[in-house]
Amino acid sequence: MNESAGASEARQGLTEVDRVIHEPARLLIATILYAVESADFLFLLRESGLSKGNLSSHLSRLEGAGYVAIEKTFRGKIPLTICRLTESGREAFRAYRDHLRRVVANLPE
Amino acid sequence: MNNSKSPRHSLDEQVQQVQRRTVRYWFEDGLAELIIGAFFVLIGLYFAVAGAVPQGGPRAVVSGLVFPAFIVGLGLASRRLIGRAKEGLVYPRTGYVSYVRPPARRRWLTPIVAGIVGALLVALIRRAPSLESWIPALWGLPVGGLFLLMNRSARLLRLSFLAAFSALTGLLLALRGGSTEMNGAIFFTLVGLVMAAGGALALRRYLRHAPPPEGA
């Protein structure tokens with residue numbers, strides 16, 4: 001493949017990325033959740049370094065896209081807001097990662 | 001060769017780093033090592049007691065029936081205790097995480113394979129009693145291997161140290177000779193104490209860096 005064709009394909013590929021996951025804060029949240037079965041709001045807050053409001057709004061966006069399921073529950077006496085990637089969220093994360101790998105592989109050196 | 005990292009590698013590395021941190025979180029508070037280390041000390045005590053039981057029938061009952069039940073009991077109790085301790089100390093401070101469990105087939109396969117390997121080793125030692133002196137090495141290597149396996153995703157120095165320490169302790173005890181019971185008592189007590197000490201230090205550091213939540 002010649003360089004300009006590769007670059008053009010890469011440009012096209014970039015416009016087709018899943019924008020729900022592509023946003024850096026949401027990508028971070030999805031990456032953390034991908035490594036576990038579920039995690040609570042406090043853990044995500046600490047690991048992501050986002051503010052409470054920011055994290056809430058990104059989680060709502062991911063929940064709205066059907067990528068994250070949020071459940072309020074108790075563990076012992078501790079109230080928890082448990083978040084987990086849904087099956088479609090896991091699939092979307094894998095697809096995003098593969099897609100970006102292909103796009104970057106097509107970029108000229 | 002170009003030494004600068006490609007964006008692809010950089011993205012993959014970042015994703016892996018975030019995921020490694022998440023897995024490492026389980027070990028951050030040291031509770032698992034503290035509790036499992038304490039149970040190793042109990043196994044060491046068990047060996048010391050078993051060594052005091054007269055040889056023959058009673059000892060065969062102790063090693064054939066009581067020991068497996070003791071190990072299974074400790075395994076179940078440790079899971080519960082670690083869960084309880086994390087609920088009380090860790091989740092309110094730094095949050096709750098539930099890890100992806102291995103598929104049911106693998107969960108069943110591991111104890112079955114361990115049982116078969118154990119039975120084969122017992123049969124082998126019965127046929128060639130001179131191999132008995134190598135039993136401590138046979139504890140040290142799988143225990144060390146287990147630490148390495150745990151460390152594959154966490155990459156913590158103290159787990160690598162524990163792996164090397166248990167393999168080396170097992171090997172040294174095998175070379176030293178002596179009764180299986182005495183070697184078992186020494187091996188499990190030593191490894192357990194080192195593990196618990198590492199866990200206690202990690203817990204102290206964790207509690208210092210993660211103050212209790214407001215209103216607790």
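Residues numbered from 1 in each chain as written. Chains lettered and ligands numbered in written order. Predicted model: local features only at pLDDT ≥ 70, side-chain atom pairs only at ≥ 80, totals over all residues. Heavy atoms only, no water.

(A) Fine view of the packing of aromatic side chains. For the structure shown, the criterion picks out 12 aromatic pairs over all chains. Among the aromatic residues, those joined into a ring-pair cluster are Phe40, Tyr46, Phe47, Trp139, Phe187 and Phe188 of chain B. When the ring centre of Tyr34 of chain A is taken as origin, the NZ or CZ atom of Arg90 of chain A, which lies over that ring, is 5.3 Å away. Directly above the ring of Trp26 of chain B sits Lys86 of chain B, whose terminal nitrogen or CZ lies 4.2 Å from the centroid. (Phe/Tyr/Trp six-rings, centres within 6.5 Å; stacked < 30°, edge-to-face > 60°. Lys NZ or Arg CZ within 6 Å of the ring centre and 35° of its normal.)

(B) Looking closely at empty space enclosed by the protein. Residues and elements named next belong to chain B. For the structure shown, the criterion picks out 1 cavity of 30 Å³ or more. Quantified by volume, the largest cavity comes out at close to 40 Å³. Residue lining of the largest cavity: Tyr25, Trp26, Asp29, Lys86, Tyr91, Val97 and Tyr99, and that is the complete set. Only helix 1 (7–28) and helix 3 (57–94) provide two or more residues apiece to the lining of the largest cavity. Counted by class, the lining of the largest cavity contains 5 nonpolar, no polar and 2 charged residues. (1 Å grid on protein atoms, 1.4 Å probe; cavity = no way out; pocket = protein on both sides within 12 Å on 5 of 7 lines; lining within 4 Å. Points joined across faces, edges and corners; volume = space filled by probe spheres on them. Helix = DSSP H or I, 4+ residues; strand = E, 2+ residues; numbered from the N terminus. Nonpolar A, V, L, I, M, F, W, Y, C, P; charged D, E, K, R; others polar.)

(C) How the structure looks around the interface of chain B and chain A. With 25 residues of chain B in contact, the opposing surface of chain A contributes 27 residues. Of the roughly 2300 Å² buried between chain B and chain A on both sides combined, carbon and sulfur atoms contribute 62%. Across the salt bridge formed by Glu47 of chain A and Arg21 of chain B, the nearest N and O atoms sit 3.1 Å from each other. On the surface where chain B and chain A come into contact, there are 5 residue pairs in polar contact (both at pLDDT 80 or more). Of all elements in the fold, only helix 1, helix 3 and strand 1 (97–98) of chain B reach the threshold of two or more residues within the side of chain B that touches chain A. The biggest single contributor to the side of chain B that touches chain A is helix 1 of chain B, with 12 residues. Considering only residue class, the side of chain B that touches chain A consists of 11 nonpolar, 7 polar and 7 charged. Across 2 bridges, the pairing between strand 1 (residues 38–40) of chain A and strand 1 of chain B is antiparallel. (Contact = heavy atoms within 4.5 Å. Buried area = accessible area lost by both parts, 1.4 Å probe. Salt bridge = Lys/Arg side-chain N within 4 Å of Asp/Glu carboxyl O. Polar contact = N/O pair within 3.5 Å; in protein donor to acceptor, adjacent residues only side chain to side chain. Pairing = 2+ DSSP bridges.)

(D) Structural detail: a nonpolar patch on the surface. Residue and element names in this part refer to chain B. A surface patch of nonpolar side chains, about 670 Å² in accessible area, is lined by Leu124, Leu131, Trp134, Leu168, Leu171, Leu172 and Leu175. Broken down by element, the nonpolar patch gets its largest block of residues, 4 residues, from helix 6 (residues 157–176). Structurally, Leu172 can be placed in helix 6. (Patch = residues over 30% accessible without salt bridge, like charges linked within 9 Å, V, L, I, M, F, W, Y side chains within 5 Å. Areas by Shrake-Rupley, 256 points an atom, 1.4 Å probe, with all protein chains shown as cover.)

(E) Examining the packing of helix 5 (residues 135–154) of chain B against helix 6 of chain B more closely. Residues and elements named next belong to chain B. Taken N-terminus to C-terminus, the directions of helix 5 and helix 6 make an angle of 170°; their axes are 7 Å apart at the nearest point. With respect to helix 6, the axis of helix 5 lies roughly antiparallel. Contact residues: Pro136, Ala137, Gly140, Leu141, Val143, Gly144, Phe147, Leu148, Met150, Asn151 and Ala154 in helix 5; Leu159, Ser160, Leu162, Ala163, Ser166, Ala167, Gly170, Leu171, Leu173 and Ala174 in helix 6. Among the residues making up the contact of helix 5 with helix 6, the classes are represented as 15 nonpolar, 6 polar and no charged. (Axes fitted to C-alpha atoms, helices over the stretch in contact; angles between N-to-C directions. Parallel < 35°, antiparallel > 145°, perpendicular 65-115°, else oblique.)

(F) Broad picture of helix 6 (residues 87–106) of chain A. Here helix 6 of chain A spans 29 Å end to end across 20 residues, near enough to the 28 Å set by a 1.5 Å rise per residue. Of the residues making up helix 6 of chain A, those classed as buried are Gly89, Arg90, Ala92, Phe93, Tyr96, Arg97, His99, Leu100, Val103 and Val104 of chain A. (Expected span 1.5 Å × (residues − 1). Buried < 20%, exposed > 50% of the residue type's maximum accessible area, 1.4 Å probe, protein only.)

(G) Focus on the sheet that holds strand 1 of chain A. Spatial ordering of the open sheet is given by 2(A)-3(A)-1(A)-1(B), a layout of 4 strands whose pairing is antiparallel. The sheet is open, and its two edges are formed by strand 2 (68–75) of chain A together with strand 1 of chain B, each paired on a single side. Note: strand 2 of chain A against strand 3 (residues 78–85) of chain A, 8 bridges, orientation antiparallel. Bridge pairing links Phe74 of chain A to Pro79 of chain A in strand 3 of chain A. Contacts from helix 3 (residues 24–35) of chain A reach strand 1, strand 2 and strand 3 of chain A, with the element oriented near 100° to strand 3 of chain A. Packing against the sheet, helix 5 (residues 52–64) of chain A makes contact with strand 2 and strand 3 of chain A, and its axis sits at approximately 120° to strand 2 of chain A.

(H) Highlighting the environment of Ser130 of chain B. Within the secondary structure, Ser130 of chain B sits in the loop between helix 4 (104–127) and helix 5. Sequence spacing of Ser130 of chain B and Leu76 of chain B is 54 residues, and the spatial spacing of their C-alpha atoms is 34 Å.

(I) Up close: the environment of Leu65 of chain B. The topology assignment puts Leu65 of chain B in helix 3. Once the C-alpha coordinates of Leu65 of chain B and Leu156 of chain B are considered, the two residues, 91 residues apart in sequence, prove to be 36 Å apart.

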